[in-house]
Amino acid sequence: TKSPGFAFVTEQEYDAIDADIAAISAAFGNNNILRAHFLGGIVRLVAHDFMDFDITNEAIPMGSDGCIDMEHPDNSGLPQDI
């Protein structure tokens, strides 16, 4: 069930994101170190997106919303060029 006022990624958008990540990953060729660094960065970015979920904030619970507050201290180690 969708929550009112919140946007969700469509299946087509998800598939496009997945294809983009696969294409970038494939561009590293046989360089598994760079590929691992890239994919690890994707995992870290996603984790920072959903870790701000606040069950006590009914108005703006945050969570997996596709937004990263680069000024928040918890995100200080993320690369600025993401």
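I will try to describe carefully the structure that is included in this document. (Residues numbered from 1 in each chain as written. Predicted model: local features only at pLDDT ≥ 70, side-chain atom pairs only at ≥ 80, totals over all residues. Heavy atoms only, no water.)

Looking at the overall build of the protein chain
Link 1 in the chain: Across its full length, the protein chain holds two helices and zero strands.
Link 2 in the chain: Of all 82 residues assigned to the protein chain, the portion counted as buried reaches 12%.
Link 3 in the chain: Long-range pairs, those at least 24 residues apart, make up 18% of the contacts in the protein chain between residues at least 6 apart in sequence.
Link 4 in the chain: For the protein chain, the computed accessible surface area is about 6700 Å², with 60% contributed by carbon and sulfur atoms. (Helix = DSSP H or I, 4+ residues; strand = E, 2+ residues; numbered from the N terminus. Buried < 20%, exposed > 50% of the residue type's maximum accessible area, 1.4 Å probe, protein only. Contact = heavy atoms within 4.5 Å. Areas by Shrake-Rupley, 256 points an atom, 1.4 Å probe, with all protein chains shown as cover.)

So, the packing of helix α1 (residues 11–26) against helix α2 (residues 32–50)
Link 1 in the chain: It is the contact of α1 with α2, at a shortest axis distance of 9 Å, that shows an interaxial angle of 155 degrees. Here α1 is positioned roughly antiparallel relative to α2, judged by the angle of their axes. Judged by the twist between their axes, the crossing of α1 over α2 is right-handed. Between α1 and α2, the contacting residues are I21, I24, S25 and A26 on the first element and R35, F38, L39 and I42 on the second.
Link 2 in the chain: Within the contact of α1 with α2, the residues separate by chemical class into six nonpolar, one polar and one charged. (Axes fitted to C-alpha atoms, helices over the stretch in contact; angles between N-to-C directions. Parallel < 35°, antiparallel > 145°, perpendicular 65-115°, else oblique. Left-handed = near helix turned anticlockwise from the far one by under 90°. Nonpolar A, V, L, I, M, F, W, Y, C, P; charged D, E, K, R; others polar.)

Re the packing of aromatic side chains
Link 1 in the chain: According to the stated counting rule, one finds one aromatic pair in the structure shown.
Link 2 in the chain: Between F28 and F38, the aromatic rings sit 5.7 Å apart at their centres with planes inclined by 50 degrees, giving tilted as the arrangement. With a gap of ten residues between them, F28 in the loop between α1 and α2 and F38 in helix α2 connect regions that are remote in the sequence.
Link 3 in the chain: Looking at F28, the relative accessible area reads 25%, which means it is partly exposed.
Link 4 in the chain: For F38, a relative accessible area of 18% puts it in the buried group. (Phe/Tyr/Trp six-rings, centres within 6.5 Å; stacked < 30°, edge-to-face > 60°.)

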